[in-house]
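A closer look at the structure
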Amino acid sequence: MGTLFRRFWLPAMLSSEVEPDSPPRRLRILGEDLVGFRDSEGRTGIIDAYCPHKLAQLFWGRNEECGLRCPYHGWKFDVSGNCVDLPNVEDAANAKRKMGITGYPTREAGGVVWVYMGPKDKMPDLPALEWAGLPVENIDMTRWLQCTNWLQGLEGEIDSSHVSFLHRVTEKDYELPSEFTSYGPPGPVDGAPSLTVRSTDYGFVCGSRRRTVNPDEFFWRITHWLVPFYSMIANHRYPRTGRAWVPVDDYNVMTFGYSFNAERAFTEHERAVLRKGAFFPPRIAPAAYKLDDGYIIDTWIGEANAGNDFLMSRDVQRKGNYTGILGVNEQDRCIQESQRSIAGVRPGGFVDRSREKLVASDVPVITARKTLLKMIADLENGIEPPQVTDPSVYRVHGTAILSRHGDFDGLLAESRAEVMGL
Ligand code: FES
Ligand SMILES: [Fe+2]
């Protein structure tokens, strides 16, 4: 899976985290310890976390004059990982050439610094995700740590059938304005939607159909999974949202949460509503977080987390909130971080899927697993992921509509452009 991931551009950090010559950020992506920074000219760099001299962490270094200087003996590296100064070596000009470190290509779009960690000759264009092409004023972008394998996060994302249970009643608890309470149709909500999944050239589209008060009309929510780890979530109203699940290592995932409006900038009020943490992002705080093996990453962590039982209230749970936990992501994170048999036994990361009993409503999860396994097998046989050669396949978005069509294929045939957001 790691080899496959290295064919794609990966969200690495927020653009707003790094200013010219500001403190570097400690990252771990695909199990590699890295440091991200912005040099004096505004270029971003994501390079090896460790100085090649005595393996000190460059995080402690000086970000100055177009490079990151190790504070131990002064060796200095540019955004590409080239060694540009060796002040304690006599024949520095010659030695510098041999002292370069890993420096991955980066790009900026959609308020995110992206990194490409794959073979140089295979580097694609950025995926044409709708939000990645918008000005940052139109996007609300955050990232936070979840302590599970990335696939558990993604599977929760595309598992529509849990929404009617795990996330019941949250909106009321927060007294949110109606434009942010958009899961269902007007009128009584149908708790057992019928799901149809159709594979597409970017992953799959999932239509979830609910009955409405009008027997001749159905309420459809259309969501997408885009390989390898993006979601585009349907909202009846504004804003559109989704997440990217970027592996930190086998046991941790960086969730990038995006809300966006293609037409206009967010208002302060709208950002304030998002900050309440009822949906995504959760209530988060910046943190230097120590991973199990001792390496520290610069990230954000949920204020409600496993260390405080996700601030669960049994009283609130008794009164009707399904979990007694406030916040959609808090509810997801609580459950996903508790799935230890699936998260894998440490060390080794063994993932015991054989103990699961999947049912019909797990079709989206099953489809995603099969698709990913096929992509791995294809790559082993020399077939590159087609999404990489044609990044325009990512140009779809989630939506929610009322329609007389009861079957998804009929709906797609009649109003494909509207449904897919093309
Ligand atoms: S350890 Fe970095 S310069 Fe010596
Ligand atoms: Fe959820």
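The following refers to the structure shown. (Residues numbered from 1 in each chain as written. Chains lettered and ligands numbered in written order. Predicted model: local features only at pLDDT ≥ 70, side-chain atom pairs only at ≥ 80, totals over all residues. Heavy atoms only, no water.)

A word on the overall build of the chain
Across its full length, the chain holds twelve helices and 21 strands. The C-alpha radius of gyration computed for the chain amounts to 23 Å, which stays within 12% of the reference 22 Å derived for 422 residues, consistent with globular compactness. Expressed as lengths along the three principal axes of its C-alpha atoms, the size of the chain is roughly 85 × 50 × 45 Å. Sequence separation of 24 or more characterises 60% of the internal contacts of the chain that already satisfy a separation of 6 or more. Carbon and sulfur atoms form 52% of the exposed surface of the chain, whose accessible area is close to 18,700 Å². The centroid of the 49 positive side-chain charges in the chain is displaced by 3 Å from the centroid of its 56 negative side-chain charges. (Helix = DSSP H or I, 4+ residues; strand = E, 2+ residues; numbered from the N terminus. Rg over C-alpha atoms; globule rule 2.2 N^0.38 Å. Contact = heavy atoms within 4.5 Å. Areas by Shrake-Rupley, 256 points an atom, 1.4 Å probe, with all protein chains shown as cover. Lys, Arg positive; Asp, Glu negative; His and termini not counted. Charge placed at Lys NZ, Arg CZ, Asp CG, Glu CD.)

Let's talk about the nonpolar core
Nonpolar side chains in soluble globular proteins generally cluster together in the buried interior. In terms of nonpolar packing, the biggest core is built from 84 residues, with Leu 10, Ile 29, Trp 114, Leu 129, Trp 131, Phe 229 and Tyr 230 touching the most fellow members. Examining the composition of this core, we find that six residues originate from one element, helix 10 (residues 363-380), more than from any other. Per-domain counts for this core show at least three residues from each of domain 1 (2-122) and domain 2 (131-420). Grouped together as the second largest cluster of nonpolar side chains are 16 residues, Leu 68, Val 79, Leu 86 and Ala 95 included. (Core = buried A, V, L, I, M, F, W, Y, C linked by side-chain atoms within 4.5 Å. Buried < 20%, exposed > 50% of the residue type's maximum accessible area, 1.4 Å probe, protein only. Domains from an automatic or database assignment.)

Topic: the coordination of the iron ion (ligand 2)
Only His 162 (NE2), His 167 (NE2), Asp 332 (OD) and Asp 332 (OD) from the protein reach the iron ion (ligand 2) as donors, at distances of 2.0 to 2.6 Å. Between the four donor atoms coordinating the iron ion (ligand 2), the angles at the centre fall across 54 to 151 degrees, so the site counts as irregular. Written as a sequence motif, the donor arrangement for the iron ion (ligand 2) is H-x4-H-x164-D. Of the two residues, His 162 is situated in the loop between helix 3 (150-158) and helix 4 (163-166) and Asp 332 in helix 8 (residues 328-338); the sequence distance between them amounts to 170 residues. Both residues of the pair, His 162 and Asp 332, count as buried. (Donors = N, O, S within 2.8 Å, 3.2 Å for Na, K, Ca; no water. Tetrahedral: all angles 85-135°; square planar, octahedral: opposite > 155°, others 65-115°.)

Some details on unusual backbone geometry
Residues Val 227 and Pro 228 are joined by a peptide bond in cis, for which omega reads -5 degrees. With respect to the helices, strands and loops of the structure, Pro 228 is situated in the loop between strand 15 (218-226) and strand 16 (230-232). Residue Phe 280 is joined to Pro 281 through a cis peptide bond whose omega torsion reads -5 degrees. Within the element layout of this structure, Pro 281 appears in the loop between helix 6 (268-275) and strand 19 (284-290). Backbone geometry places Leu 55, a non-glycine residue, at a positive phi of 60 degrees. Residue position: Leu 55 is located in the loop between strand 4 (44-48) and strand 5 (62-63). What makes Leu 55 exposed here is its relative accessible area of 59%. Non-glycine residue Asp 309 carries a positive phi angle of around 55 degrees. Within the fold, Asp 309 resides in the loop between strand 20 (296-302) and helix 7 (314-318).

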